[in-house]
Structures are given as C-alpha cells and as structure tokens.
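Structural overview for review
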Amino acid sequence: MKVAFLGLGDIGAPMASHIARDPFDLVVWNRTASKAEDFVREHKARVAGTPAEAVKDAQVVITCLPSSVEVEAVLHGENGMLESLRRGAVLIDCTSGDPPTSRSIAAELGGRGVEFIDAPVSGGTTAARAGTLTVMWGGEESVFERVRPVMEAFGKKIVHAGPVGSGDALKAVNNALLAVHILSAAEGLAVLVKAGVDPKVALEVINASSGRSNTSENLIPQRVLTRAFPRTFRLALLEKDIGIAAVLAEDLDVRTPLISLTAERFHKAREMLGEKADHVEAVKMVEQENGVEIK
Ligand code: NDP
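Residues numbered from 1 in each chain as written. Predicted model: local features only at pLDDT ≥ 70, side-chain atom pairs only at ≥ 80, totals over all residues. Heavy atoms only, no water.

**Regarding the packing of aromatic side chains**
- This model, assessed by the stated rule, comprises one aromatic pair.
- A cation over a ring is seen here: lysine 284 above phenylalanine 229, with NZ or CZ 4.5 Å from the ring centre. (Phe/Tyr/Trp six-rings, centres within 6.5 Å; stacked < 30°, edge-to-face > 60°. Lys NZ or Arg CZ within 6 Å of the ring centre and 35° of its normal.)

The structure is reproduced here in structure tokens:
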C-alpha cells in the first residue's frame, strides 16, 4: 500500500516510523527538509520535495500538522496536495484539527473523488513510539475499512467518534480537560506547599483519593517534582486545542465558563513561556504567581 506522511514533528515522526515497513511503501515530506532526510536515513522510506510530489501516487495520505490552518496551507499552497491527490485516495488527517475546517476539506475533496477522515490521536510521544496511540476518527465506516491497516500500524484503541469533524471535537474536549487538570492540580499543590505539606505526601493521598487524574498520577510526579519538564507536547498546541473546544461550545450554545477561563490562563502561559514550552510547564506560571516551587 502506497502511503504518504506529511509532518514529521514530535508525534508525526514516531507515528510514521510504524508505516516505514512492509506492507507499506512510504514517502515522507516535512517543511524543514533536514528532518525528512534524517528520517529516511533511519527508516525504510523516501523523501519528497513538495507535498504535491509526496501524494501523487499515494493511496493513503496522512497529515500531522499543528492545526487545520497548516493542513489547509499544505492542501492549497504552492506545490500543495490538491492537484496531485489521486481519485480514490484517502486523506487521514491526524492533526488535532477543528471540526468546521475538517468538514470543509472533506466536502472539497469529496468533489474530486478523494475521501477524508479526521483522526486525531492521544497518548503522547511515548504511545506514538510504541505504536499504541488512541485514535478517534470521524468519517464513513466504508472509508475507514480501506485504511484500517495504516491506522492499526500506530493505533491500539481506534474509536469511531461519528461523522467527519467528530474526531476533532472529541480530541479538543479531551485536551481541554487535560488543561483544566494541569491548572487545578498546580493550584491545589501550590496551596498545600504554602500550608507546609510536602507535595510528595500530598500526591500520595490525592492519588489514592478522588482528586486524582493522569496529571496528578503521572505528569506531576514524573515532570514537575523532578523539575525535568521534558518537551513532548507544546503548550502552544494545547492552547490551540482549548480554543477549538471553546469555539465548539460557543457554536453549540453550551455554557462552559471553566473551559473559557482555562483558555485565558493557557493564553497567558503561552505568552509567558513561549512557543517551545511544553504543556506541563504551565505549572511554572502558577508557581511564579504564588512564589512557590512544587518539588
Ligand atoms: P510539532 O510542533 O512537533 O510539529 C509540527 C509539524 O508540522 C512539523 O513537522 C512542522 O514542520 C510542521 N509544520 C508546522 N507549520 C507548518 C506549515 N505552515 N506548513 C507545513 N508544515 C508545517 O507538533 P506535534 O508533532 O507535537 O503535533 C502535531 C499534531 O498532533 C498537533 O495537532 C498536535 O496538537 C497533535 N498531538 C501532539 C501530541 C504530542 O504529544 N506531541 C499528542 C497528541 C496530539 P517543521 O519541522 O518544518 O517545523
């Protein structure tokens, strides 16, 4: 099966590594060409010079870009995918995108005999390396069946969320919850540090109690208490996801004051910490505001 993968970022590169083997025939493209060249030195794949060249023979195309804005750019921009996509091809967009843009891309491609599935992933770079990502996809069952082997190469739990755009919606809400958990855990622990409680002791109790979350069980112990703050998922991308959730809520007339406040707080964190900061570094904002360190 001929596959093209566009976007070898933090999560795209480990995802693509699972397709760089039989029965797949992989072509990769990345905006910064050196990353694609590094990739093919280590994996069974070829480099394309442009998005158009990458997709011209592909039966399946995967995009994994920061947001739907970049997916649109790679589709419509100079040497973009649009004119080269083969009739009968399927575009799987693994970007955590936004539902309206995914629906409009699906409609445009549908008119050219090209199918579209939005298929954001979760599990982070660790699950991407292990090939055990959770994939939440939106689209038609019959289209999914044609591309199932590709999805199964990097995904373990693969869930149909509904029509096109549903995967994006589900991903945005999941990540809004992640953002709420990061800020609420950081605020709670800042209070406890000031109250003289050791954060390790606090987490021992919280993680055996009802206040626990993936943030308290994994992210804070592994990344905050250790002060390691590894960069695996950019804070800027999480801010984008909360924004998608906030717009979705507004479009559907659902009141979500907590999500709106979290969006504001992550906007501030992004301004303070910059484009390269990891999402868990939002804890540093709470620490600075309160003159404490959670360690
Ligand atoms: P990165 O920022 O690490 O990589 C982004 C990729 O997009 C790079 O290949 C980059 O190219 C490319 N890119 C950026 N702007 C453009 C553009 N204008 N035109 C063409 N290519 C562009 O992001 P991630 O890999 O972390 O994330 C990708 C998607 O997956 C995002 O939607 C994110 O929200 C989602 N995601 C990420 C997770 C993670 O743990 N990292 C977990 C789950 C979902 P270049 O190399 O040139 O910069």
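**Focus on the pairing of strand 8 (residues 133–138)**
- Counting buried residues in strand 8 gives five out of six residues, a clear majority hidden from the surface.
- As paired elements, strand 7 (residues 121–122) and strand 8 share two bridges and run antiparallel to each other. What sits directly across from serine 122, in strand 8, is threonine 134.
- In terms of strand pairing, strand 8 meets strand 9 (residues 155–162) through six bridges, oriented parallel. Bridging across to strand 9, threonine 134 finds its partner in lysine 157.
- In the classification by handedness, the crossover that spans strand 8, the intervening helix 7 (residues 141–154) and the parallel strand 9 is right-handed. (Buried < 20%, exposed > 50% of the residue type's maximum accessible area, 1.4 Å probe, protein only. Helix = DSSP H or I, 4+ residues; strand = E, 2+ residues; numbered from the N terminus. Pairing = 2+ DSSP bridges. Right-handed = clockwise from strand over helix to strand, strands pointing away.)

**As for the packing of helix 8 (residues 166–194) against helix 12 (residues 257–273)**
- The geometry of helix 8 relative to helix 12 is characterised by a closest axis approach of 10 Å and an angle of 75 degrees between their N-to-C directions. Taken as axis vectors, helix 8 and helix 12 run roughly perpendicular relative to one another. Contacts between helix 8 and helix 12 involve Ala176, Ala179, Val180, Leu183 and Glu187 from the former and Leu258, Ile259, Thr262, Arg265 and Phe266 from the latter.
- Partitioned by chemical class, the residues of the contact of helix 8 with helix 12 number seven nonpolar, one polar and two charged. (Axes fitted to C-alpha atoms, helices over the stretch in contact; angles between N-to-C directions. Parallel < 35°, antiparallel > 145°, perpendicular 65-115°, else oblique. Contact = heavy atoms within 4.5 Å. Nonpolar A, V, L, I, M, F, W, Y, C, P; charged D, E, K, R; others polar.)

**Digging into the environment of valine 55**
- Within the secondary structure layout, valine 55 lies in helix 3 (residues 51–55).
- For valine 55, a relative accessible area of 0% corresponds to the buried category.
- Spatially, the C-alpha atom of valine 55 lies 42 Å from that of lysine 284, the residues being 229 residues apart in sequence.
- The contact partners of valine 55, leaving out residues within four places of it in the chain, are Ala4, Leu6, Val61, Met81, Ser84 and Leu85.

**Brief notes about the pattern of salt bridges**
- Considering all chains together, one arrives at 20 salt bridges under this definition.
- Here arginine 212 ties to glutamate 217 by a salt bridge, and the two come within 3.7 Å at their closest N and O atoms.
- When its relative accessible area of 37% is taken as the criterion, glutamate 217 is described as partly exposed.
- Among the ionic pairs, arginine 231 bridges to glutamate 281, the shortest N-O distance being 3.1 Å. (Salt bridge = Lys/Arg side-chain N within 4 Å of Asp/Glu carboxyl O.)

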